[in-house]
Amino acid sequence: MKILGTGSALPKRVVTNDDLAEFLDTNDEWISTRTGIRERRVLTDETLQSLAETAAKNAIENAGLTPQDIDFVLVSTVLAETLSPALAMDIQPAVGLKCMGVDLNGGCTGFIAALAVAEGLLAMGRARKILVLSAEALSRFSDWTDRGTCVLFGDAAGAAVVGEGDGVKDVCFRGEPRREVLFANTDPGNSPFAVDPRPACFLKMQGQEVYKFAVSHSFRDIREMLERAGLQPEDVDFYVLHQANMRILEAVRTRLKVGEDRFPHNIERTGNTSSATVPVLLDELNRAGKLKPGCRVILNAFGAGLCTGTALIEF
Ligand code: COA
C-alpha cells in the first residue's frame, strides 16, 4: 500500500483560550503551558459530514484521481452525527462516490487502524483505491462545564487516498484494556425495558494516567519499530504523532533524542481532534511540499481503550 494523496478540513470558528476563559475558570497561561494549545476549531453551523466531504474531495484531487476511481471508503470516527447509515456512506453523494463504505472506531488511534484495514483489503485484491478518512467532532461530546477536559479538544477531518504500492514498511498495534481512564458513554435511549440504563455521559478522563501511558507507550512502540527496521531515530524525516499535548510530544522527542524539525505539530492551532490529528498533520506536511519521494515518516497515536498504533511509511 502507498499513500497517493491527502486532504483535510477544519471548522471556520476559531476558539481561543481567552474565549474559553469567558465561561470557564481557566486562563490562557494554564492551558498553553500545560498543553501547548492556544486555539482550536469548533463546529458551529457546519456539520461533521460537511467537513468529511471537503477532506475527502481534497484527498481525491490531491491523489490525481476522480471519485469514480475510489472503490472503498473507511471512516474513522468516535461519534458521527447519525447512527445509520455510516458516515462513510453519507458523504458519498456530495463527493461523487459510489462504493461500499464502513465506519470504525479505534479512538484516537483510528486513522492508523483504518490504514491497516485498507492495507488488508488491497492485499487481498478486494479494492484498488481506498479513501481512508478521520472525522471527529469532540465538541459534541465534551463536557463544556469541565475545564479539565473541554479545553483540550477540537473538531477536524483528515483523509488519505491509498492504493497498491510498497510504502508501508511496518504497522504495530497494542491494547491495554483500561476503560476507566478515558471513556464516553452514549445516550441511554428510552427503552421501557432497560433495568439499569447507563447515565448519559460526556467524555471523562484521568489526565495524568493518560499522560503517563502516552509517553511510555509511544516511546516504546516507536523505538521497537525503529529497531525492527534497523533504523536510527534520525533516519526518520518526520514523526507524525497524535496531537494530544505538546508536553507529551516533547517528552517522546527528547527520549528519542531527535531535533524539533523532525517533530511537526499543529496542536497549538487545532487542539486534540482525536483520530483526525494524524491525517490533518500529514496533509499539512504534504501541502507544504515536505513529503518528498524517499521521505520516511512514523505515524503514532494513542487513545481510548487504551490502545496504541504505530506505522512506518516511506513516500
Ligand atoms: N484551567 C485551570 N486550571 C485547571 C484546568 C484548566 N483548564 N484544568 C485543571 N485545572 C486545575 C485542576 O483543577 C487542578 O487544580 P487543584 O490542584 O487545585 O486541584 C490543577 O489544575 C492540576 O490539575 P491536573 O489534572 O493534575 O493537571 P495536569 O498537570 O495533570 O494537567 C492535563 C492536566 C489534562 C493537561 C494533563 O494531565 C494531560 O494532558 N493529560 C493527557 C490527556 C490526553 O492526552 N488526553 C487525550 C487522550 S487521546
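Below or above, wherever it landed, is the structure these notes cover. (Residues numbered from 1 in each chain as written. Predicted model: local features only at pLDDT ≥ 70, side-chain atom pairs only at ≥ 80, totals over all residues. Heavy atoms only, no water.)

### Quick notes on the packing of aromatic side chains
Centre-to-centre distance and the angle between the planes together describe a pair of aromatic rings. On inspection of all chains with the given rule, the structure shows 2 aromatic pairs. Between F23 and W144 the ring centres are 6.4 Å apart and the planes differ by 50°, which places this aromatic pair in the tilted class. Pair noted here: F23 is in the loop between α1 (17–21) and α2 (28–35) and W144 is in the loop between β6 (129–137) and β7 (155–163), with a separation of 121 residues, a long-range link. Consider the rings of Y239 and F263, whose centres lie 5.1 Å apart with planes at 20°: the pair is stacked. With Y239 in strand β11 (residues 238–241) and F263 in the loop between α8 (246–256) and α9 (267–270), this pair connects stretches of sequence that are 24 residues apart. Neither residue differs from the other here; Y239 and F263 are each classed as buried. (Phe/Tyr/Trp six-rings, centres within 6.5 Å; stacked < 30°, edge-to-face > 60°. Helix = DSSP H or I, 4+ residues; strand = E, 2+ residues; numbered from the N terminus. Buried < 20%, exposed > 50% of the residue type's maximum accessible area, 1.4 Å probe, protein only.)

### Topic: α8
Regarding α8, the residues found buried are M246, I248, L249, A251, V252, R253 and L256. The elements touched by buried residues of α8 are α2, α7 (207–229), β11, α9 and β12 (296–303). Capping the start of α8 is the job of one residue whose side-chain oxygen sits 2.6 Å from the backbone nitrogen of R247: N245. Two residues or fewer past α8, K257 is found with a positive phi of approximately 60°. (Contact = heavy atoms within 4.5 Å. Polar contact = N/O pair within 3.5 Å; in protein donor to acceptor, adjacent residues only side chain to side chain.)

### A few points about the packing of α7 against α8
Running from N to C, α7 and α8 cross one another at 35°; their axes reach a closest spacing of 9 Å. Remark: the crossing between α7 and α8 carries right-handed chirality. Together, Y211, A214, V215, S218, F219, I222 and L226 of α7 and R247, I248, A251, V252, R255 and L256 of α8 make up the contact between the two elements. Each residue belonging to the contact of α7 with α8 can be placed in one class, and the counts come to 10 nonpolar, 1 polar and 2 charged. (Axes fitted to C-alpha atoms, helices over the stretch in contact; angles between N-to-C directions. Left-handed = near helix turned anticlockwise from the far one by under 90°. Nonpolar A, V, L, I, M, F, W, Y, C, P; charged D, E, K, R; others polar.)

### Thoughts on the nonpolar core
With 42 residues, the main nonpolar core has I222, L226, Y239 and L256 as its most contacted residues. Every element with two or more residues in this core is listed here: α7, β11, α8 and β12. The element contributing the most residues to this core is α7, with 8 residues. Formed jointly, this core draws a minimum of three residues from each of two domains, domain 1 (2–165) and domain 2 (170–314). Residues F72, I130, L282 and I313 belong to the second largest nonpolar core, which totals 31 residues. (Core = buried A, V, L, I, M, F, W, Y, C linked by side-chain atoms within 4.5 Å. Domains from an automatic or database assignment.)

Structural measurements only, silent on function.
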